[in-house]
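Fold and geometry: a report
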2 protein chains.
Amino acid sequence: MQFIIDHIDISEPLVVQFLTDLQNLMKLEHFEKNQKIHTAGSICDKIYFPQNGFLRAYYYKEDKDITAHFAGEGSSVAAIDSFIQRKKSRYNIEALEKCNAFTLSYQDIQELLAAHPVYEKYIRLFLEHIYIELAERIEDLVFNTAKERYEKLILKQPTLFQHVNLGHIASYIGISQETLSRIRAQK
Amino acid sequence: MQFIIDHIDISEPLVVQFLTDLQNLMKLEHFEKNQKIHTAGSICDKIYFPQNGFLRAYYYKEDKDITAHFAGEGSSVAAIDSFIQRKKSRYNIEALEKCNAFTLSYQDIQELLAAHPVYEKYIRLFLEHIYIELAERIEDLVFNTAKERYEKLILKQPTLFQHVNLGHIASYIGISQETLSRIRAQK
DNA sequence: GTAGTTTTTTGACATTTGTCAAATAGATTT
DNA sequence: AAATCTATTTGACAAATGTCAAAAAACTAC
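Here's what I pulled together on the structure shown here. (Residues numbered from 1 in each chain as written. Chains lettered and ligands numbered in written order. Predicted model: local features only at pLDDT ≥ 70, side-chain atom pairs only at ≥ 80, totals over all residues. Heavy atoms only, no water.)

Here we look at the protein's contact with DNA strand C
Put simply, the rule is: Throughout this document, a residue counts as near a molecule or strand when at least one of its heavy atoms sits within 4 Å of that molecule or strand. Any pair of N or O atoms that falls within 3.5 Å is considered a polar contact. Within protein, one atom must be able to donate a hydrogen and the other to accept it, and sequence-neighbouring residues count only if both atoms are side-chain atoms. What counts as a helix is a DSSP run of H or I of at least four residues, what counts as a strand is a run of E of at least two, and both are numbered from the N terminus. Gly counts as polar in this scheme, as do all residues outside two lists: the nonpolar Ala, Val, Leu, Ile, Met, Phe, Trp, Tyr, Cys and Pro, and the charged Asp, Glu, Lys and Arg.
The immediate surroundings of DNA strand C are formed by 17 residues, with A:N165, A:L166, A:R182, B:S176 and B:T179 found nearest. Backbone atoms, meaning sugar plus phosphate, form 51% of the atoms of DNA strand C positioned within 4 Å of the protein. Here a base nitrogen of DNA strand C sits 2.6 Å away from a polar atom, N or O, in the side chain of A:R182. Contact between DNA strand C and B:E178: a base nitrogen at 3.1 Å from a side-chain N or O atom of the residue. Per-element tally for the surface near DNA strand C: the top contributor is helix α8 (residues 177-185) of chain A, with six residues. The class makeup of the residues in the surface near DNA strand C is four nonpolar, seven polar and six charged.

Right under this line is the structure:
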């Protein structure tokens, strides 16, 4: 839950209550390496918070597997557009390795918010947080060359490289695996 | 306010009240063509909702002017990361033509939320809405070729092309003006 | 430890896009 | 209408990236 706490003033007593309530709604699930957690075409009903290991959201573009998002400890993943809009998802989610993740269901969040509307604020703050992450991602894609994107990713998520194939990283930063390989060779 | 209403169930009486309160906080401002509305380096204190005409958010990358976002009627613009995080903005905002826009200040929104925490939900819904727009933008950038991005933009915002220079559109879809010109010539 | 599988790298070449400079077209001002 | 300014297009070439095929390296399972 670190990522939520990070952006909220935990001196508010209400926050403590909110976090406790959230914890109680979370279930710990176990996933095997390469296990599919969510499949494109269905509605995404859960957010996943990895406790260890990495999860990956991806989709297919003309048979090519493109990574949209990685989530390790302290981060989260869901087919968020599907989760929010309750419509079919284009994303798949899979475990990149044997791991555990806390899950939080759409239903449970809605009921919690309905029961405690004062918690809306924390969901808003969470959304603000992930919105800004996305905005940074766009800047990165528009602004930077492939090489710069690669170097920024190393700085920002160094642990990623011990867990994730280079092919997935390449598609995440929007280039082919071969190009990534050549960028790496340059150093 | 169309964009807010679109995504909220207006049968809730509370929503009507919320919208009324928002309206009352909004101020109508007038801008001249090419007028700078917000300057990089300062904190963005307002969201702008054009009534007519187009506004543009942009930044500089190595002296090149890059458009991050267009806003016409029914849409909105702000240096949203700055607005949310209260830190200096890298974005500039300008009017692309003589126009009027409603503005909503950070201060006023905060006070409204503090006075009526039940409204948090609507801000959350608004954030969900703009989050999804951003996610679509990323997919577009990663997924599609320059030509496809151009064609999608025509479909999605046809009016844009009557108001905006091709140079701005080119930087928005992440290509040079010359490349855009060649794409257009192909048809 | 060997065989088999997957991942990563490399080579050769094609394609896309960018850059710079100049030409053209379109607007605006006088 | 001419002069001026701005926006757009075009040409020539350079740079970046993609594609396909094959080799090399790393990892797995027996």
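Now that the structure has been shown, the text picks up again.
A word on the relation of the copies chain A and chain B
Put simply, the second copy of the chain is the first one after a rotation about an axis and a shift along it. Test applied: When the copies are superposed, the least-squares fit takes in the C-alpha atoms of residues with a pLDDT of at least 70 in both. Contact between two residues is taken to exist if any of their heavy atoms lie within 4.5 Å; hydrogens are not considered.
With an axial shift of 0.0 Å and an RMSD of 0.0 Å, the rotation relating chain A to chain B amounts to 179°. Given the turn and translation reported, the copies of this chain are related as if by a two-fold rotation axis. Scanning chain A for the C-alpha nearest the rotation axis identifies A:R124, at a separation of 2.4 Å. The residues that chain A uses at the interface reappear at the interface of chain B in 100% of cases, marking a shared surface.

Observations regarding the interface of chain A and chain B
Interface size is commonly expressed as the accessible area that is lost once the parts come together. Counted only if it meets this: Buried area: the sum, over both parts, of the accessible surface (1.4 Å probe) that disappears when the two are put together. Only one rule defines a salt bridge in this text: a Lys or Arg side-chain nitrogen within 4 Å of an Asp or Glu carboxyl oxygen.
Of the residues lining the interface, 32 residues belong to chain A; the matching set on chain B comes to 32 residues. Carbon and sulfur atoms supply 69% of the area that chain A and chain B bury against each other, a total of about 3400 Å² over both sides. Three residues, A:R124, A:Y131 and A:F143, lead the burial of chain A against chain B; their summed loss comes to 21% of the area buried on that side. At the junction of chain A and chain B, the tally comes to three salt bridges. Note that B:R124 is salt-bridged to A:E120, the shortest N-O span being 2.5 Å. At the junction of chain A with chain B, the criterion picks out two residue pairs in polar contact (both at pLDDT 80 or more).

A few points about the protein's contact with DNA strand D
Looking at DNA strand D, there are 17 residues lining it, with A:S176, A:E178, A:T179, B:L166 and B:R182 nearest. The sugar and phosphate moieties of DNA strand D supply 48% of its atoms located within 4 Å of the protein. Take B:N165: an N or O atom from its side chain is 3.2 Å from a phosphate oxygen of DNA strand D. The contact in question runs from a phosphate oxygen of DNA strand D to an N or O atom on the backbone of B:L166, over 3.1 Å.

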